[in-house]
Amino acid sequence: MQIEVHPDDDTVARKAAAVIVADLRTAIAARGRFMMAVSGGHTPWQMLRVLADEGLPWDRVHVFQVDERVAPADDPDRNLTHLRASLLDYAPLPPDHVHAMPVEAADLDRAAKQYAEALRNVAGIPAVLDLVHLGLGPDGHTASLVPSDPALDVVDADVTMSGPYQGRRRMTLTFPIINRSRRILWVVTGGEKAETLVRLCDGDRSIPASRVRRDGALILADRAAAARLGAKMEA
């Protein structure tokens, strides 16, 4: 696990966009396309807005969601609402290369299986994404894999439903597909994450985020989030 600390969230967002661009170009050169899954959050939306302005071969890019709240279309709680506003309204992605989680479905468990099938159709069997972007909650959750939720222990599906968390159920990628990805990119900003980031770096298995594979993972943090790391920083 590599850690980079940057002065502020804007710098983190720009660095994260640069990492995605580099991985995108490498993947397209090697395999002809790039498949990433993105999470929500203020700094990631900044990251995606920077990315949208890059002159990239968008026709070879597929964008999936890491997780999504069960809420109506265009609801401000939806990650998709912000994904559109930061990336999809600006980058010329083919419509069928944008894979929104079907959280408006009547049968959510069936919808989760359909999303897993969509992943397999694009990313192979088993599905392997080029990059999964993750955030870190103060309680140690990542994606919508939250403390004490049964979704933490799902090992036979790449997509599942969580129980209610902060008032809403969520659809989420599971640890198996996250840990198969070629790159895990953590974007962690804000002082409220400082203690939890130490626990992540220590591999504290009592928090969900520490179940994510460490080898090849890159953490981009701002100074506020990294305030308690001290000598733990590798970069």
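Just so we're clear, the structure is a prediction, and the values are computed from it rather than from any experiment.

*Asks:* It is not clear to me how the environment of Gly-135 should be interpreted in this structure. Could you clarify?
*Replies:* Counting through the fold element by element, Gly-135 comes out in the loop between strand 6 (131-134) and strand 7 (159-161). You can call Gly-135 buried: its relative accessible area is 18%. It is 6.0 Å that separates the C-alpha atoms of Gly-135 and Val-188, two residues lying 53 residues apart in sequence. Not counting residues within four places of it along the chain, the set of residues in contact with Gly-135 comprises Ser-39, His-141, Thr-142, Trp-186 and Val-187.

*Asks:* What should I look at first to understand helix 3 (residues 79-88) in this one?
*Replies:* Structural remark: α-helix, 3.6 residues per turn; residues separated by three or four positions point the same way. Within helix 3, burial applies to Asn-79, Leu-80, Leu-83, Ser-86, Leu-87 and Leu-88. One side of helix 3 carries all its buried residues, which in axial view fall inside an arc of 140 degrees. Its buried side turned inward, helix 3 meets strand 2 (34-38), helix 2 (42-52), strand 3 (61-65), strand 4 (67-69) and strand 5 (98-99).

*Asks:* What is the right way to look at the packing of helix 2 against helix 3 in this model?
*Replies:* The relative placement of two packed helices comes down to the angle between their axes together with the axis-to-axis distance. Packing of helix 2 against helix 3 leaves a shortest axis separation of 8 Å and a crossing angle of 35 degrees. You can see that helix 2 and helix 3 cross each other, and the crossing is right-handed. Every residue of helix 3 that contacts helix 2 at Trp-45, Leu-48, Arg-49 and Ala-52 is listed here: Asn-79, His-82, Leu-83, Ser-86 and Leu-87. Its residues placed into classes, the contact of helix 2 with helix 3 shows five nonpolar, three polar and one charged.

*Asks:* Got a minute to help me understand unusual backbone geometry in this structure?
*Replies:* Negative phi values dominate among residues other than glycine, just as trans dominates among peptide bonds. Looking along the chain, the bond that leaves Ile-125 and enters Pro-126 is cis, with omega of -5 degrees. Here Pro-126 is to be found in the loop between helix 4 (108-123) and strand 6. Although it is not a glycine, Ala-143 sits at a positive phi angle of roughly 50 degrees. Secondary-structure assignment places Ala-143 in the loop between strand 6 and strand 7. Although it is not a glycine, Gln-166 sits at a positive phi angle of roughly 50 degrees. Tracing the chain through its elements places Gln-166 in the loop between strand 7 and strand 8 (170-173).

*Asks:* Quick question: what am I supposed to make of the pairing of strand 8 here?
*Replies:* Every regular strand shows the same layout, with side chains that alternate between the two sheet faces. Residues of strand 8 alternate between two faces, with Arg-170 and Thr-172 on one and Met-171 and Leu-173 on the opposite face, all of them buried. Note: strand 4 against strand 8, three bridges, orientation antiparallel. When the bridges of strand 8 are listed, Glu-68 appears paired with Met-171. When strand 7 meets strand 8, the two strands line up antiparallel, connected through three bridges. Looking across to strand 8, one finds that Met-161 is bridged to Met-171.

*Asks:* What exactly am I supposed to notice about the packing of aromatic side chains here?
*Replies:* Centre distance and the angle of the planes are the two values used to describe a pair of aromatic rings. On inspection of all chains with the given rule, the structure shows one aromatic pair. The ring of Tyr-90 has Arg-49 sitting right over it, with the charged end atom 3.5 Å from the ring centre.

What counts and how
Residues numbered from 1 in each chain as written. Predicted model: local features only at pLDDT ≥ 70, side-chain atom pairs only at ≥ 80, totals over all residues. Heavy atoms only, no water. Helix = DSSP H or I, 4+ residues; strand = E, 2+ residues; numbered from the N terminus. Buried < 20%, exposed > 50% of the residue type's maximum accessible area, 1.4 Å probe, protein only. Contact = heavy atoms within 4.5 Å. Arc of directions from axis to C-beta. Axes fitted to C-alpha atoms, helices over the stretch in contact; angles between N-to-C directions. Left-handed = near helix turned anticlockwise from the far one by under 90°. Nonpolar A, V, L, I, M, F, W, Y, C, P; charged D, E, K, R; others polar. Pairing = 2+ DSSP bridges. Phe/Tyr/Trp six-rings, centres within 6.5 Å; stacked < 30°, edge-to-face > 60°. Lys NZ or Arg CZ within 6 Å of the ring centre and 35° of its normal.

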